[in-house]
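So you can see what is in the structure, the chains are spelled out below.
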Amino acid sequence: MHRWSKINLTSARRPELSEDETTLFVQIHVGLYDGKYKSADHQDGAIYLTSQRVCYVDSAKPAQNSVALDLALIDSYDTYAGFMRSSPKITLHLQDKASATASSVNSGIVTPDPSAVTAQPATLPLTQWICPICSFSNPLPSQYTSSASAPPCLTCGIKPAPEVLVKAAAQRPAPVSSPNPAEVYSGPATFACPVCTFHNHPSLTSCEMCGSPLLSSNLPPSLRNTAGAESPGPISSGTVRARYVKISFRQGGERQFLERLRVALRERRWEAPPPIGDLKIAPIPEQRGFGIGGLQRADESVRKTNEVAMGNALEDLDALMGRAKEMVALAEAFAHRLASAPSTTGNTEARAALLESTQALGLSSPVVTREIAGGNDVYHAELAKQVAEFLESGILQKEGGTVTLIDLFALYNRARGVALVSPADLAKACTLFAQLKLPVRLRTFKSGLVVVHDASRKDETVIRRLKEWISSHETGATCQETAEQFKWSVGVALEELELAEASGSLCRDESIEGVKFWINEFATFAWDADSVRGGWEAVNS
C-alpha cells in the first residue's frame, strides 16, 4: 500500500474533496489488494471514484484505514469477472516510478521450500510439431511412436503426414530421471481445491485448474505452513511494494466503476486547466458620422459590443461556477471563525448573514445522485451522509438543534437547486442516520411528528433548559413564546413542552387566554392535612 495516502474525512465519514474534485461513483463492500496479496486492514469499506482519486473509506476504522490513490499514478487497467467464490476485481497497473518489486513476506500463503523443489517429480521438456496447413504449434504426445496413429491438429483438425511427426520425435530430448513420487509423499492420492473443487496432488502448492493456493493439512512436512489464510486469497502481513493494486467488488458495481474510470482517465481533470481570464471587453473605436450612415454605424458598434460581452460571459461560465464554490467555502470558513469568537451583537448579525448567503449559494459538495451510486442502498447511504453534512454546516444550529422532516425537505432541496430528491428518498435516507453512525438522528414523537435532531441531544437536558427558562417567567410560557426562545418551530415547541409535562417537571393552565405552562410545584409542595381538612369543611358548610 505504499502508493496509497491517508485522507481526511468529513463528519459524515466521506472523503474531503478538493476545490475542483467531484464524485463520479460510489460502491460499498469493497476490498483492496496490494499486488496479489489482500490488504488485511482494507477488506470491507466503500470505494469513492472522484475526478482525481480513488478513495477507500474503511467501515470498521474509517479514521485510521481510509486511504486514496491518485488517478495520475494509473498507467493501465484490466478486469477479472470472478469465478465461484472469487469476486470480480479491477486491476490498476501503476506507473513505473522508483518502486521496488514486490518483496517476499510471510503472507499466510503456502510457499514451496527451496529444499523440496528437487523432491517434486520432474517434467519432460515439451516437444511440438508444426501443422503444415495452418502453422499451429501442436504438442507431441510423450508416448508417440512411428507405429501409432497421427494426432490431428488442434486448430484445423487435419492429421499431418507421418514424416512430420517422426522428424519432431527425433528432436525430442532424452527424458530426465526423476524420483519416484511415492518416495516424496505417501499420503492420500488427491485433495480438493477450496475454490474450484478440482482434485490436486497433495504435493502441489497451487491448484492446477484455477491457480488458487492449496491449504491442505496433509502436505508433506517440507511444504507445510501452519499460518494458512482463512480465505482463498492470500493476506499480506508486511510491506508489499507491488506495481499494481486490485479492487475487489463483493456486491457488484465493477462495470459502472470501470466506465467512470475510463472517462476520468480520458478527461484527466487533475491536470491544471488553462487559466480563464477575467471578463474583459475590448473597446471598439468610436465611429463618428452624420445622417443615416452615422446612425447605422452607431447601431453596428453597439451590436458588436453586445456580442463580445455575451461571448466572454459564456466562456467564463465555468469560472463563474468555480467562484461560486469558492464563495461557499469562504462563507463556511467565516462562519466557523465567528462561531469561535465571543458572542456580540455584531457577530450574531454576521452569523445570520453568512448562513443566509451559504444557503442561497447552495451545497459546497457535489450533489448525490443515483448515477454515481452503485444501487439504491448505496444511493440512500450517500444521501444520508450528505444530509448530515448539510445539517452540520449550521442549519441545525439555526433551527435550535431540532428540525422537522418537512422543513428539512424544503431546506435541503433549496440548497441542491437541481436534481431534487423525492420525499420517499429523503425519508429512507434519514432512517439510516443511526446505522451509519452519523452525528444526527431521526425521531418520531407520540403525535406522529417526525424530526431530525443532534445525536448528542438528551431529553433530560431539554427539560432542564425549559425549567430554567420558564421559572423566570411569572406569567408562565406559551407555546409561541417557547418556539421563539429556543428557535424551534411551533410544532416542535409543543412536543417538547408536552414531553416535560409528562415527566412531571411542568404543568399546564388552560384558560380563555389559551394554554400556558408553569413549573410543577404540586410535586414538591408540603401538604398540611389539618389545614386541608378544615378548609374543605368550611367550604361544605
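So, how was this worked out
Residues numbered from 1 in each chain as written. Predicted model: local features only at pLDDT ≥ 70, side-chain atom pairs only at ≥ 80, totals over all residues. Heavy atoms only, no water. Helix = DSSP H or I, 4+ residues; strand = E, 2+ residues; numbered from the N terminus. Contact = heavy atoms within 4.5 Å. Pairing = 2+ DSSP bridges. Axes fitted to C-alpha atoms, helices over the stretch in contact; angles between N-to-C directions. Buried < 20%, exposed > 50% of the residue type's maximum accessible area, 1.4 Å probe, protein only. Polar contact = N/O pair within 3.5 Å; in protein donor to acceptor, adjacent residues only side chain to side chain. Core = buried A, V, L, I, M, F, W, Y, C linked by side-chain atoms within 4.5 Å. Salt bridge = Lys/Arg side-chain N within 4 Å of Asp/Glu carboxyl O.

### Looking at the side chain of Glu-496
Inference 1: Inspection of the secondary structure assignment puts Glu-496 in helix 13 (residues 490–502).
Inference 2: For Glu-496, the residues in contact, after removing those within four places along its chain, are Phe-445, Arg-457, Val-462, Leu-466 and Trp-488.

### Overview of the sheet that holds strand 15 (residues 402–404)
Whether parallel or antiparallel, the strands of a sheet pair through hydrogen bonds between backbone atoms.
Inference 1: Taken in spatial order, the three strands line up as 15-17-16 in an open sheet, and their pairing is antiparallel. At either margin of the open sheet sits one strand with a lone partner, and together these are strand 15 and strand 16 (440–444). Along the sheet, successive strands turn relative to each other by an average axial angle of 30 degrees, direction set aside.
Inference 2: As paired strands, strand 16 and strand 17 (residues 450–454) are joined by five bridges and run antiparallel to one another. Within strand 17, the residue paired with Val-440 across the bridge is Asp-454.
Inference 3: Packed on one face of the sheet, helix 8 (residues 376–398) meets strand 15, strand 16 and strand 17 and runs near 75 degrees to strand 17.

### Structural notes on the side chain of Gln-386
Inference 1: With respect to the helices and strands, the residue Gln-386 is situated in helix 8.
Inference 2: On the basis of relative accessibility, which here comes to 1%, the residue Gln-386 falls in the buried class.
Inference 3: Here Tyr-412 takes part through its side chain, which lies 2.8 Å from a polar atom of the side chain of Gln-386.

### Regarding the nonpolar core
Inference 1: Among the nonpolar cores identified, the biggest contains 36 residues, and Val-387, Phe-390, Leu-391, Leu-408, Phe-433 and Val-452 are the most heavily contacted of them.
Inference 2: Mapped onto this core, the elements with two or more residues apiece are strand 4 (45–50), strand 5 (53–58), helix 8, helix 9 (405–416) and helix 10 (423–430).
Inference 3: When residues in this core are grouped by element, the largest group, 10 residues, is from helix 8.
Inference 4: In this structure, Val-452 is in contact with Leu-391, Leu-396, Gly-401, Thr-402, Val-403, Leu-405, Leu-408, Cys-430, Phe-433, Val-440, Arg-441 and Leu-442, ignoring residues within four places of it in sequence.
Inference 5: Formed by 25 residues, the second largest nonpolar core is a distinct cluster that contains Leu-49, Ile-74, Ile-247 and Ala-264.

### Observations concerning the pattern of salt bridges
Inference 1: One pass over the full model with this rule turns up 14 salt bridges.
Inference 2: The shortest N-O distance in the salt bridge between Glu-389 and Arg-14 comes to 3.0 Å. Of this pair, Glu-389 sits in helix 8 while Arg-14 sits in the loop between strand 1 (5–6) and strand 2 (23–34), and the two are 375 residues apart along the sequence. An identical accessibility class is assigned to Glu-389 and Arg-14; each is buried.
Inference 3: Residue Arg-508 pairs with Glu-501 through a salt bridge whose shortest N-O separation is 3.0 Å.
Inference 4: With relative accessibility at 32%, the residue Arg-508 sits in the partly exposed group.

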